[in-house]
Amino acid sequence: MRTTLIAALLLASPAAAETVAKDVIAIRAGRVITDAAKPALGPSTIIVTDGRITAINPASAPIPAGARVIDQSTRTLSPGLIDSHVHLTGDPGTPFWREAIDSAELSVAYGLKNARITAKAGFTTVRDLGSARLSGFAVRDAINSGMFPGPRILAAGASLSIVGGHGDVSGFAPVVNDALDQGNTCTGAVECAARVREASQRGADVIKFTATGGVLSQQGRGLDQHFTDDEMRAIVTTAHSLGLKVAAHAHGPRGIEAAARAGVDSVEHGSFTDEAGARALAANKGWLVPTLLPFRATAERLGSGAYTPVVEAKVRAILERRGKQIIAARAAGARIAFGTDAGVFEHGRNGQEASDMVEFGGMTAREVLISATTGAAELLGLSAETGTLEPGKAADIIATDGDPTADAKQLAQVKWVMARGKVID
């Protein structure tokens, strides 16, 4: 009787209740790429417990009692993909003047819609590099709370910009520009440092600033350096002092070089990267996030009336640069992280970036997969959490019919996705 009582007490204890409550999933796989740089495993079973990988066993190993079984035994399982540059809260082709009409609340709805689309395409982690002041954070927090499906999100909020530059409101009457102002512009090192601290206060995971002019904004002030060297250094040193990484939007060669010398963690786009800029990026151990898909997407819309004349002129100026930034960066020894600029084109097409990196940037399919897994995870500071499939890490897993280390097009044909242990339907 005493033994029976002790057993009953143990079953009623919190530890026993926790054991009973564990969610265990067994995923059968034909092949498993645990690390994009390593050979794949043969038929295997991945065990996921409460959203984390707890074992990767041979297919012949017994499955834990009570586990839910997901059969992907005809497919290759790989780490979930990472897109280092997205804009979830907007859709492409939206006229710039909608900025004066649409609410920040509506942009949150767009963001939640696009987050699910992005995750379903195989991207279990994204870095959102530009949204209305709080909308990107709201999307991130809603997904983290479990209310909506989607990827893990690192959000920057509004990009820091010079007054009248790319990222500032422009194209309207001054009174409208003032009304729509995001409080994201700065002039001089002191004010730029203050803007970084304000972004940190609002909850930014990363700081993004527009080191040069940009293509799709209504300003026509060129595509090269906008912030001064001192302003860039103030942004970077302040962010780093707060434990935040810095992404620099940069197209023109001198702006790229200046941002790299300032110590940014990544240069985004890098369209006109030359030898000097690439060397500076490599010397400071920075990453290039090349975002090639906008070249394709903007070319598709040229002459359709989708762009104002000032924007169309800038689009035509960069179209011949597709992939050249990758070639220059790799020649100098700089590292490449996968990123697409989704939002400039339709969300869900993110995986098409992979074949463009091969065709125009000269990368192999394996190198592309590395850039979208372990490489991007390192850039984002998430290597302990994702980027490989191994016990202890989040269950961020994709399935493809073919081998993505041999065929980059597989990344645009993802068949099944699990993000942090939840299947994305």
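A brief look at the structure comes next. (Residues numbered from 1 in each chain as written. Predicted model: local features only at pLDDT ≥ 70, side-chain atom pairs only at ≥ 80, totals over all residues. Heavy atoms only, no water.)

**Digging into the overall build of the chain**
Turning to step 1, where the next piece is worked out: A tally of helices and strands in the chain yields 14 helices and 15 strands.
Turning to step 2, where the next piece is worked out: For 425 residues, the compact-globule estimate of 2.2 N^0.38 gives 22 Å, and the C-alpha radius of gyration of the chain, at 23 Å, lies within 12% of that figure.
Turning to step 3, where the next piece is worked out: Reported as C-alpha extents along the three principal axes, the dimensions of the chain are approximately 85 × 45 × 40 Å.
Turning to step 4, where the next piece is worked out: Counting every position in the chain, which comprises 425 residues, the buried fraction comes to 55%.
Turning to step 5, where the next piece is worked out: Taking as baseline every contact in the chain between residues at least 6 positions apart, the subset at least 24 positions apart corresponds to 70%. (Helix = DSSP H or I, 4+ residues; strand = E, 2+ residues; numbered from the N terminus. Rg over C-alpha atoms; globule rule 2.2 N^0.38 Å. Buried < 20%, exposed > 50% of the residue type's maximum accessible area, 1.4 Å probe, protein only. Contact = heavy atoms within 4.5 Å.)

**Considering the layout of surface pockets**
Turning to step 1, where the next piece is worked out: Approximately 230 Å³ is the volume found for the second largest pocket.
Turning to step 2, where the next piece is worked out: The wall of the second largest pocket is formed by 14 residues, among which I143, F148, G150, A419 and K422 lie closest to the centre.
Turning to step 3, where the next piece is worked out: Tallied by class, the residues present in the lining of the second largest pocket amount to six nonpolar, four polar and four charged. (1 Å grid on protein atoms, 1.4 Å probe; cavity = no way out; pocket = protein on both sides within 12 Å on 5 of 7 lines; lining within 4 Å. Points joined across faces, edges and corners; volume = space filled by probe spheres on them. Nonpolar A, V, L, I, M, F, W, Y, C, P; charged D, E, K, R; others polar.)

**As for the sheet that holds strand 1 (residues 24-32)**
Pairing between sheet strands relies on hydrogen bonds along the backbone, with the strands arranged either parallel or antiparallel.
Turning to step 1, where the next piece is worked out: Spatial strand order, 3-2-1-4-13-14-15: seven strands in an open sheet with mixed pairing. In this open sheet, the two strands that pair with only one neighbour each are strand 3 (52-58) and strand 15 (422-423).
Turning to step 2, where the next piece is worked out: Taken together, the two bridges between strand 14 (residues 416-419) and strand 15 define a ladder with antiparallel strand orientation. Across the sheet, A419 pairs through a bridge with K422, a residue of strand 15. (Pairing = 2+ DSSP bridges.)

**Some thoughts on the sheet that holds strand 5 (residues 81-86)**
Turning to step 1, where the next piece is worked out: Strand order across the open sheet formed by three strands is 5-6-7, with parallel pairing between neighbours. Each end of this open sheet is capped by a strand with a single partner; those strands are strand 5 and strand 7 (152-155). Adjacent strand axes in the sheet meet at a mean angle of 15° when their direction is disregarded. (Axes fitted to C-alpha atoms, helices over the stretch in contact; angles between N-to-C directions.)

**Let's talk about unusual backbone geometry**
Turning to step 1, where the next piece is worked out: A positive phi angle is found at D341, which is not glycine, with a value near 70°.
Turning to step 2, where the next piece is worked out: Its place among the elements puts D341 in the loop between strand 12 (335-336) and helix 13 (353-361).
Turning to step 3, where the next piece is worked out: You will see that R420, though not glycine, has its phi angle at about 50°, which is positive.
Turning to step 4, where the next piece is worked out: For R420, the position within the fold is in the loop between strand 14 and strand 15.

**A look at the environment of A408**
Turning to step 1, where the next piece is worked out: Residue position: A408 is located in the loop between strand 13 (397-400) and strand 14.
Turning to step 2, where the next piece is worked out: Sequence separation between A408 and V358 is 50 residues; the distance between their C-alpha atoms is 7.4 Å.
Turning to step 3, where the next piece is worked out: Among residues more than four places away in sequence, those in contact with A408 are A354, S355, V358 and A365.

**A look at the pattern of salt bridges**
Turning to step 1, where the next piece is worked out: All chains considered together, the criterion is met by 26 salt bridges.
Turning to step 2, where the next piece is worked out: One salt bridge in this structure joins R316 and E312, with 3.0 Å as the shortest N-O distance. Taken together, the residues span about one helical turn, with R316 and E312 both in helix 11 (residues 309-318) at a distance of four residues.
Turning to step 3, where the next piece is worked out: Judged by relative accessible area, which is 16%, E312 ranks as buried.
Turning to step 4, where the next piece is worked out: Beyond isolated ion pairs, a larger network of salt bridges with shared partners links R52, R152, E385 and D396. (Salt bridge = Lys/Arg side-chain N within 4 Å of Asp/Glu carboxyl O.)

**Points about the packing of helix 7 (residues 229-241) against helix 8 (residues 253-262)**
When two helices pack together, you describe them by how their axes are tilted relative to each other and by the distance separating the axes.
Turning to step 1, where the next piece is worked out: The interhelical angle for the contact between helix 7 and helix 8, taken along N-to-C directions, is 40°, at an axis separation of 9 Å. When the axis of helix 7 is compared with that of helix 8, the two are oblique. Seen along the crossing, helix 7 lies across helix 8 with a hand that is right-handed. On helix 8, the residues touching D229, M232, R233 and V236 of helix 7 are G255, A258, A259 and A262.
Turning to step 2, where the next piece is worked out: Partitioning the contact of helix 7 with helix 8 into residue classes produces five nonpolar, one polar and two charged. (Parallel < 35°, antiparallel > 145°, perpendicular 65-115°, else oblique. Left-handed = near helix turned anticlockwise from the far one by under 90°.)

**Examining the packing of aromatic side chains**
Note on aromatic pairs: each is described by the distance of the centres and the angle between the planes.
Turning to step 1, where the next piece is worked out: Under the counting rule described, the total for this entry stands at two aromatic pairs.
Turning to step 2, where the next piece is worked out: When the ring of F209 is compared with that of F227, the centres are 5.6 Å apart and the planes differ by 85°; the resulting orientation is edge-to-face. Taken together, the residues span a long stretch of sequence, with F209 in strand 8 (residues 206-210) and F227 in the loop between strand 8 and helix 7 at a distance of 18 residues.
Turning to step 3, where the next piece is worked out: The exposure class assigned to F209 is buried, which follows from its relative accessible area of 0%.
Turning to step 4, where the next piece is worked out: For the cation-ring pair, R322 lies above F360, with the distance from its terminal atom to the ring centre recorded as 4.0 Å. (Phe/Tyr/Trp six-rings, centres within 6.5 Å; stacked < 30°, edge-to-face > 60°. Lys NZ or Arg CZ within 6 Å of the ring centre and 35° of its normal.)

**Quick notes on the side chain of T125**
Turning to step 1, where the next piece is worked out: Residue placement: T125 occurs in strand 6 (residues 123-128).
Turning to step 2, where the next piece is worked out: Among the polar contacts listed, one links the side chain of T125 to the side chain of R152, at a separation of 2.5 Å.
Turning to step 3, where the next piece is worked out: Sequence-distant contacts of T125, defined by excluding residues within four places in its chain, comprise L81, I82, D83, P151, R152, L380, L382, T386 and D396. (Polar contact = N/O pair within 3.5 Å; in protein donor to acceptor, adjacent residues only side chain to side chain.)

**Considerations on the environment of A121**
Turning to step 1, where the next piece is worked out: Counting through the fold element by element, A121 comes out in the loop between helix 3 (104-120) and strand 6.
Turning to step 2, where the next piece is worked out: C-alpha separation for the pair A121 and N350, spaced 229 residues apart in sequence, amounts to 7.4 Å.
Turning to step 3, where the next piece is worked out: In this view, A121 contacts G348, L411 and V414; residues no more than four positions away in its chain are not counted.

Don't take any of this as a statement about function, it's just geometry.
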